[in-house]
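Chain residues, written in single-letter form:
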Amino acid sequence: LEEVASLYVPHVLAAQPTAPIRVGGYCVGGLLAWEVARQLKKRGREIEWVVLIESPSLNGRSPLRAAKMALKLASRICPKRVSEKIELHGMWAIWVWARSRPLILGPIQNLFRYLSPDSPYRTEHFPLRRDEYRRVANYVPENLDTDVYCFVCDENAARIDYEPSSWRALARVVHDRQVPGNHNTCV
């Protein structure tokens, strides 16, 4: 996400050379907007606000941020092959664990869903989607001293991975709203 955001920053600066900047995005695009805002702020630009629509918030939580640091440390002391696996899949494994409720039965249910012959995870497109999730899981947003507007749909309002409260430790103020619909229709 950091690399992709760096591609957008010059275009945002060209479109808005002097005034405060407002950025936003839907789903993973919200995380990208966060990173664009962070890079712009690093260049001295004022960010008026960031809008996150249905954006995953797990890595905004302190325990997951600490887990990322622990994985980084573990990857430094492990053999190269193990280190590469930790860097590539460590946060994704923690996401799977954190999103599985209850914590013991959830991962077992996910395993059986995956092994099922009619599982959507066995399609030819799932490896690409899994790779996207892995990349998102590895992104840990930094503090951003600005207002954040967080919109979560009815369907995901109770899910841990979309909780607006996860952003509160990273932003000046978080305004959150629940909107009708599901992940694909709430926009």
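Just above, that's the structure.
Throughout what follows, the structure given in this document is the object of discussion. (Residues numbered from 1 in each chain as written. Predicted model: local features only at pLDDT ≥ 70, side-chain atom pairs only at ≥ 80, totals over all residues. Heavy atoms only, no water.)

Let's shift gears to helix H4 (residues 80-99). Relative to the 28 Å expected for 20 residues at 1.5 Å per residue, H4 spans 29 Å between its end C-alpha atoms, a close match to the ideal helical length. Residue His89 marks the point of greatest curvature in H4, where the axis turns by about 50°. Regarding H4, the residues found buried are Ser83, Ile86, Gly90, Met91, Trp92, Ile94, Trp95 and Ala98. (Helix = DSSP H or I, 4+ residues; strand = E, 2+ residues; numbered from the N terminus. Expected span 1.5 Å × (residues − 1). Bend = angle between axes of the 7 residues up to and from the residue. Buried < 20%, exposed > 50% of the residue type's maximum accessible area, 1.4 Å probe, protein only.)

Attention now goes to the nonpolar core. Grouped together as the largest cluster of nonpolar side chains are 39 residues, with contacts concentrated most on Val23, Trp34, Val50, Trp95, Val148 and Trp167. If we ignore the near neighbours within four places in the chain, the residues touching Val148 are Trp34, Val50, Leu52, Ala171, Val173, Val174 and His175. (Core = buried A, V, L, I, M, F, W, Y, C linked by side-chain atoms within 4.5 Å. Contact = heavy atoms within 4.5 Å.)

Attention now goes to the packing of aromatic side chains. Going through the model one piece at a time under the given rule, you end up with two aromatic pairs. Summarising the aromatic geometry, the rings of Trp34 and Trp167 are spaced 4.8 Å apart at their centres and angled 35° between planes, so their arrangement reads as tilted. With a gap of 133 residues between them, Trp34 in helix H2 (residues 28-42) and Trp167 in the loop between strand E3 (144-153) and strand E4 (171-179) connect regions that are remote in the sequence. In this structure, Trp34 and Trp167 share a single accessibility class: buried. The interplanar angle of 80° and the centroid separation of 5.8 Å between the aromatic rings of Trp49 and Tyr149 together place this pair among those described as edge-to-face. (Phe/Tyr/Trp six-rings, centres within 6.5 Å; stacked < 30°, edge-to-face > 60°.)

Moving on: unusual backbone geometry. With phi around 60°, Cys27 is a residue other than glycine that occupies positive phi space. Even without glycine at this site, Glu54 takes up a positive phi of about 55°. A relative accessible area of 0% means that Glu54 is categorised as buried.

In this section: the sheet that holds E3. What the four strands build is an open sheet, ordered E1-E2-E3-E4; its pairing is parallel. For this open sheet the edge positions go to strand E1 (21-26) and E4, each flanked by a neighbour on one side alone. The mean angle between the axes of side-by-side strands here comes to 15°, regardless of whether they run parallel or antiparallel. Pairing between E3 and E4: eight bridges, direction parallel. Following the sheet pairing, Tyr149 is matched in E4 by His175. Relative to E1, H2 is tilted by about 155°, and along the sheet it contacts E1, strand E2 (47-53), E3 and E4. (Pairing = 2+ DSSP bridges. Axes fitted to C-alpha atoms, helices over the stretch in contact; angles between N-to-C directions.)

Taken as a whole, the second largest pocket spans an internal volume of roughly 280 Å³. Forming the walls of the second largest pocket are Leu1, Glu2, Glu3, Val4, Val28, Leu32, Glu132, Arg135, Val136, Asn138 and Tyr139. Looking at the lining of the second largest pocket, the elements with two or more residues in it are helix H1 (2-15), H2 and helix H6 (126-138). Here the lining of the second largest pocket gets four residues from one element, more than from any other, and that element is H6. Partitioning the lining of the second largest pocket into residue classes produces six nonpolar, one polar and four charged. (1 Å grid on protein atoms, 1.4 Å probe; cavity = no way out; pocket = protein on both sides within 12 Å on 5 of 7 lines; lining within 4 Å. Points joined across faces, edges and corners; volume = space filled by probe spheres on them. Nonpolar A, V, L, I, M, F, W, Y, C, P; charged D, E, K, R; others polar.)

Right, let's talk about empty space enclosed by the protein for a bit. Taken as a whole, this structure holds one cavity of 30 Å³ or more when the rule is applied. Volume-wise, the largest cavity comes out at about 40 Å³. Lining the largest cavity are Leu31, Pro56, Ser57, Leu58, Asn59, Gly60, Trp95, Val136, Tyr139, Pro141 and Trp167. By residue class, the composition of the lining of the largest cavity is eight nonpolar, three polar and no charged.

Structural measurements only, silent on function.
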